[in-house]
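# Residue-level structure breakdown
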Amino acid sequence: MKNMSERVKHFPGHEISGKALASEVKVTNYYADLQYSWASGIAISRFLNELRNGRIIARKCNMCKRILVPPRMFCEDCFRDTDEWVFVKDTGTINTYSIPHVAFDASRLEKPFYVGVINIDGASPMMGFLHLIGEVNSPSDISVGAKVEAVWKPHEERAGSILDIKYFRLIK
Ligand SMILES: [Zn+2]
């Protein structure tokens, strides 16, 4: 049996020369106007609304006594609904951190930025979230276990976003 290259003398379809590319091929850019909505759910909606008020809210499970932040309506340990809303502090401890030297588009940054997981005071151990760590002058300033506090945007600039906290800074 002959192989494919011996049997096929011409590729099917229409070959396009460089010249044809300029005259025959039409290119258009189309950007779809995609509209969507996103429901944050009961727990995160309240969390985001309280950020606008300059407060961090959590949920407590009265069975395991854990205080969960970001809040969730369901305790994954006890397999039951959580029970009540509690406010926690806007201070915490650096659980882990990273010092990226590249931007989100993979371009190199002149100065690195600092990002960490913050365990929030008043919540159960290991409860917290990822955020920027600001006002850091040198990588040697930052360490796991360091105490930090939230730096909030001015009230009129808050939008019910995690970025209503501009960043956390080290408590000296
Ligand atoms: Zn529980």
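These numbers were taken from a predicted model, which means no experiment stands behind them. (Residues numbered from 1 in each chain as written. Predicted model: local features only at pLDDT ≥ 70, side-chain atom pairs only at ≥ 80, totals over all residues. Heavy atoms only, no water.)

### Quick look at the environment of Ile94
- You can see Ile94 is positioned in strand β6 (residues 91-98).
- For Ile94, a relative accessible area of 1% translates into the label buried.
- Measuring from C-alpha to C-alpha, the distance between Ile94 and Val115 comes to 9.7 Å, with 21 residues separating the pair along the chain.
- Among all residues touching Ile94, those that are not within four sequence positions of it are Val117, Ile118, Ile133, Ile142, Ser143, Val144, Gly145, Ala146, Val148 and Leu170. (Helix = DSSP H or I, 4+ residues; strand = E, 2+ residues; numbered from the N terminus. Buried < 20%, exposed > 50% of the residue type's maximum accessible area, 1.4 Å probe, protein only. Contact = heavy atoms within 4.5 Å.)

### Side note on unusual backbone geometry
- Here the bond from Val69 into Pro70 is cis, since omega is -5°, no more than 30 degrees from zero.
- Its place among the elements puts Pro70 in the loop between β2 (67-68) and β3 (74-75).
- The backbone of Phe79 shows a phi angle near 60°, a positive value even though the residue is not glycine.
- Tracing the chain through its elements places Phe79 in the loop between β3 and β4 (80-81).
- A relative accessible area of 68% means that Phe79 is categorised as exposed.
- Of note, the phi angle at Ala106 is positive, near 75°, even though the residue is not glycine.
- Tracing the backbone shows Ala106 in the loop between β6 and β7 (115-120).

### Brief notes about helix α3 (residues 41-52)
- Taking 1.5 Å of rise per residue, the twelve residues of α3 would be expected to cover 16 Å, and the 17 Å separating its terminal C-alpha atoms lies within 8% of that figure.
- Those residues of α3 that are buried lie in contact with β1 (56-60), β5 (84-88), β8 (128-134), β9 (147-152) and β10 (165-170).
- Gly54, located one to two residues past α3, shows a positive phi value of around 80°. (Expected span 1.5 Å × (residues − 1).)

### Quick notes on the packing of aromatic side chains
- Taken as a whole and assessed by the stated rule, the structure comprises four aromatic pairs.
- Here the aromatic rings of Phe47 and Phe129 are separated by 5.9 Å at their centres, their planes lie at 75°, and the arrangement is edge-to-face. With Phe47 in helix α3 and Phe129 in strand β8, this residue pair connects regions lying 82 residues apart in the sequence.
- The class for Phe47 is buried, based on a relative accessible area of 4%.
- Site record: aromatic cluster; members linked through ring pairs are Phe47, Phe129 and Phe168.
- The cationic tip of Arg46 hangs over the ring face of Trp85; the distance from NZ or CZ to the ring centre is 5.0 Å.
- Above the plane of the ring of Trp85 lies Arg59, whose end atom (NZ or CZ) is 4.7 Å from the centre. (Phe/Tyr/Trp six-rings, centres within 6.5 Å; stacked < 30°, edge-to-face > 60°. Lys NZ or Arg CZ within 6 Å of the ring centre and 35° of its normal.)

### Here's the deal with the coordination of the zinc ion
- Here the zinc ion is held by Cys61 (SG), Cys64 (SG), Cys75 (SG) and Cys78 (SG), and the distances to it run 2.3 Å.
- For the zinc ion, the four donor atoms in the first shell make angles of 105 to 114° at the metal, a pattern classed as tetrahedral.
- We note that the donor set of the zinc ion lies within a single chain, spaced as C-x2-C-x10-C-x2-C. Taken together, the positions of Cys64 in the loop between β1 and β2 and Cys75 in strand β3 put the pair eleven residues apart, joining distant regions of the chain.
- Assessed through its relative accessible area of 0%, Cys75 is described here as buried. (Donors = N, O, S within 2.8 Å, 3.2 Å for Na, K, Ca; no water. Tetrahedral: all angles 85-135°; square planar, octahedral: opposite > 155°, others 65-115°.)

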